Amino acid sequence: MNSVAVIGGGITGLTAAFYLQRRGLRVAVYEASSRIGGAIQSVRQDGYLAECGPNTLLETSPLIGQLLHDAGLTPRRLDPDPRAAARYVVRDRRPLAMPGSVPGFMTTPLFSLAAKFAVLKEPFVAARRDGVEESIAEFVVRRLGREFLDHAIDALVSGIYAGDPARLSVQQAFPKLAQLEATYGSLIRGQILGGRDRKKRGEVAKDRAPKFSFDEGLQVLPDGLGKSLGGAVLLGAAVSRLTKTSAGWRVEYSGRSGTAQAEHQAVVYCGTAFQLAALTIDSPGIPNPAPLSEIRHPPVASLVLGFRREDVAHPCAGFGMLIPGIEKFRILGTIFSSSLFPNRAPAGHVTLTSYIGGERHPELAALPPDELSRITCEDLKVLLGVRGRPTFTHCFFHPKAIPQYNVGYGRYRDLMNDLESSTSGLYLAGHYRDGISLADSIVSGCKVAGRVAQALTPNDGNPPEFSKP
Ligand SMILES: Cc1cc2nc3c(=O)[nH]c(=O)nc-3n(C[C@H](O)[C@H](O)[C@H](O)COP(=O)(O)OP(=O)(O)OC[C@H]3O[C@@H](n4cnc5c(N)ncnc54)[C@H](O)[C@@H]3O)c2cc1C
């Protein structure tokens, strides 16, 4: 029977392995750490549920609902409280609700009249057609004006990438925005006209996609996939070397008693860019992956704090608040976790999840938990009227959180393409290549499983890759 090595037990690797196994292929998932889920980690403690990594999954593709169905996890899906739809952006040290309609936009105190006019004029700004790669900051200033960058996009970019808008590439990090300009000549026109095209492709725009979690947090998804994979998952198995053989690939990894080896027909790498850079890959003519270590991954700390409801003056009725750098706070933003989903805090308490670090304040992320809690409480006191000491604290440090798709990232994607095409049976998938969100990672895992299965079992009667829901 054909066998496939899947390196990485994050959501990409587990999705890929799950669908490969359903196609009748034997898989082995090699995971360096002692747990599955990668960046996803939900911790239930003292009646609180802390998400140490991602908080919500956006259903931007039908493949996501399909995965839940195929893994039998649909009944555990948890949709957010519809009353928690509002998103806040901080301006002049106050969280202000982001407008959800044109009249709302015209009357919001979030932007000056001049900024509103700059946005209304956007359809008349000439599209740039010279093919030069731009940062998201340059792109937004050119199309929507400086104020929109400083008071909205800067905060959004921190919320998604923990990144720097002056460095992130619009073409690499926000390809859909670049496409809207290229196809429709305007973001606003594209937003309206592009809806029809997305519908045809079965896609949903990120700002309209339903977001969700699970009854016990996002960890339910990797745990469910891990359960289906059973003994195919090897924990504490860090792969250090791949060697091309006449039959496929030899995988060298740290086993229970030192280094071990296994033979596979194909290898799917679903780890991180910096760990891929450190892999030794022996195959004639294959390029050196080492330059991938140059990709920036700023550190981020997630700080989950519980408070008594009466100690938080703000109603926290919404998704959370984003904080632009110009406002000079130390936290990047806060998710109102217990407003979003039930059962995230004991009765009479609230859970607030804040992020610290990123490209804005990388030096703060590694502070000791007590210090992080102190500075977060100081910021939350000003922003949400938080008083008193937290009733719950859970801190998690991501030393290398999210790959920054900065200007020039294309050369790393070219290297990834070269790594794949210069040999056979080696596949690369995941957040460092196909988009950084959970949804992107799931789609990446589904697609790579399809490519591998097609290559290894081209004449197997093509069983359906995904079952019907
Ligand atoms: C703080 C934070 C908040 C986020 N919030 C959101 C959010 O709300 N919504 C959203 O959609 N996305 C969010 N993301 C992004 C999302 O979590 C990730 O993009 C996604 O989880 C990536 O999954 P992955 O499987 O590709 O990689 P990872 O989760 O990084 O998993 C890779 C795995 O591969 C293993 N590995 C690597 N190399 C080897 C090797 N050589 N041998 C064996 N194992 C190896 C690693 O140990 C790791 O477990 C967030 C990310 C972070 C860090």
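A quick note: this is a predicted structure, and the numbers were derived from the prediction, not measured.

Asks: Explain the overall build of the protein here, please?
Replies: The number of helices and strands found in the protein is 17 helices and 21 strands. Over its C-alpha atoms the protein spans a radius of gyration of 23 Å, differing by no more than 12% from the 23 Å that the globule rule assigns to 469 residues. With respect to the three principal axes, the spread of C-alpha positions in the protein is 65 × 55 × 45 Å. With 469 residues in all, the protein has 47% of them scored as buried. Expressed as a percentage of contacts within the protein between residues at least 6 apart in sequence, the contacts between residues at least 24 apart total 70%.

Asks: Looking at this model, I keep getting lost on the packing of helix α5 (residues 136–144) against helix α6 (residues 146–161). Mind explaining?
Replies: Packed helix pairs are specified by the crossing angle of their axes together with the interaxial distance, meaning the distance between the axes. Relative to each other, α5 and α6 sit at 140°, their axes nearing to 9 Å. Overall, the two elements α5 and α6 adopt an arrangement that is oblique. Every pair of crossing elements has a handedness; the one defined by α5 and α6 is right-handed. Only R146, F148, L149, I153 and V157 of α6 make contact with α5, whose side of the interface consists of I136, A137, V140, V141 and L144. Of the residues belonging to the contact of α5 with α6, the class tally is nine nonpolar, no polar and one charged.

Asks: Explain the sheet that holds strand β12 (residues 249–255) to me, please; I cannot follow it from the model alone.
Replies: Note: strands within a sheet are paired through backbone hydrogen bonds, in either parallel or antiparallel orientation. In space, the four strands of this open sheet follow the order β13-β12-β11-β15, with mixed pairing throughout. Strand pairing shows two members of the sheet lacking a second neighbour, β13 (258–264) and β15 (280–282), which therefore form its edges. Sheet twist, expressed as the mean angle between neighbouring strand axes with direction ignored, is 20°. Relative to β12, strand β11 (residues 239–244) runs antiparallel, the two sharing five bridges. Bridge pairing links L242 to V251 in β12.

Asks: So what exactly am I meant to see when it comes to the sheet that holds strand β5 (residues 57–58) here?
Replies: Taken in spatial order, the three strands line up as β5-β9-β6 in an open sheet, and their pairing is antiparallel. Of all the strands in the sheet, just β5 and β6 (77–78) have a single pairing partner and so form its edges. As paired elements, β6 and strand β9 (residues 211–214) share two bridges and run antiparallel to each other. Bridging across to β9, R77 finds its partner in F214.

Asks: Mind showing me how you'd approach the nonpolar core here?
Replies: Nonpolar side chains in soluble globular proteins generally cluster together in the buried interior. Counting 128 residues, the largest nonpolar core has V6, A16, L20, I136, V267 and V268 as the members making the most contacts within it. The contact partners of V267, leaving out residues within four places of it in the chain, are A5, I7, L242, W249, V251, G425 and L426.

Asks: Can you help me understand the site of the ligand in this one?
Replies: Contacts to the ligand come from 39 residues, most closely from G8, G10, G38, P54 and G271. For the shell around the ligand, the secondary-structure elements that each account for two or more residues are α1 (11–22), β2 (26–31), β5, β16 (300–308) and α17 (438–456). Its residues placed into classes, the shell around the ligand shows 19 nonpolar, 19 polar and one charged. Shared between two domains, the shell around the ligand takes at least three residues from each, and those domains are domain 1 (3–39 + 217–295 + 406–456) and domain 2 (45–52 + 56–64 + 73–83 + 296–398).

Asks: Is there a simple way to think about unusual backbone geometry in this case?
Replies: The phi torsion of most residues other than glycine is negative, and most of the peptide bonds are trans. Even without being a glycine, D92 presents a positive backbone phi close to 50°. Residue placement: D92 occurs in the loop between β7 (87–91) and β8 (94–97). Look at D92 and you get exposed, because 9 C-beta atoms sit within 10 Å. The backbone phi angle of K328 is positive, close to 60°, even though this residue is not glycine. Within the fold, K328 resides in the loop between β17 (320–322) and β18 (331–335). Accessibility expressed as a C-beta count within 10 Å gives 8 for K328, which makes it exposed.

Asks: Can you help me understand the domain arrangement of the protein in this one?
Replies: It is common to report an interface's size as the accessible area lost on association of the parts. In terms of domains, the protein is made up of domain 1 (3–39 + 217–295 + 406–456), domain 2 (45–52 + 56–64 + 73–83 + 296–398) and domain 3 (111–201). For domain 2 and domain 3, the distance between their C-alpha centroids amounts to 27 Å. Contacts between domain 2 and domain 3 engage 14 residues on the former and 10 residues on the latter. Mapped onto the side of domain 2 that touches domain 3, the elements with two or more residues apiece are β18 and β19 (349–357). A class-by-class count of the residues in the side of domain 2 that touches domain 3 yields eight nonpolar, four polar and two charged.

Asks: Could you clarify how one ought to interpret the packing of α1 against α17 in this entry?
Replies: Running from N to C, α1 and α17 point in directions that differ by 35°, and their axes come no closer than 8 Å. Viewed along their axes, α1 and α17 form a crossing whose handedness is right-handed. Only L438, S441, I442, S444, G445, C446, V448, A449, V452 and A453 of α17 make contact with α1, whose side of the interface consists of I11, T12, G13, T15, A16, Y19 and L20. Here the contact of α1 with α17 is composed, by residue class, of 11 nonpolar, six polar and no charged.

Asks: Just to check I follow, could you spell out the pairing of strand β14 (residues 266–269) for this structure?
Replies: Every other side chain in a regular strand lies on the same face of the sheet, so the side chains alternate between the two faces. What you see with β14 is no split at all: A266 and V268 on one side and V267 and Y269 on the other are buried throughout. Pairing geometry for strand β1 (residues 3–7) and β14, over four bridges, is parallel. Paired with I7 across the two strands is Y269, which belongs to β14. Where β14 meets strand β21 (residues 426–428), three bridges bridge the pair, whose relative direction is parallel. Bridging from a neighbouring strand, Y269 pairs with L428 of β21.

Rules and cut-offs
- Residues numbered from 1 in each chain as written.
- Predicted model: local features only at pLDDT ≥ 70, side-chain atom pairs only at ≥ 80, totals over all residues.
- Helix = DSSP H or I, 4+ residues; strand = E, 2+ residues; numbered from the N terminus.
- Rg over C-alpha atoms; globule rule 2.2 N^0.38 Å.
- Buried ≥ 20, exposed ≤ 12 C-beta atoms within 10 Å, placed from the backbone.
- Contact = placed C-beta atoms within 7 Å.
- Axes fitted to C-alpha atoms, helices over the stretch in contact; angles between N-to-C directions.
- Parallel < 35°, antiparallel > 145°, perpendicular 65-115°, else oblique.
- Left-handed = near helix turned anticlockwise from the far one by under 90°.
- Nonpolar A, V, L, I, M, F, W, Y, C, P; charged D, E, K, R; others polar.
- Pairing = 2+ DSSP bridges.
- Core = buried A, V, L, I, M, F, W, Y, C linked by C-beta atoms within 7 Å.
- Near = placed C-beta within 6 Å.
- Domains from an automatic or database assignment.

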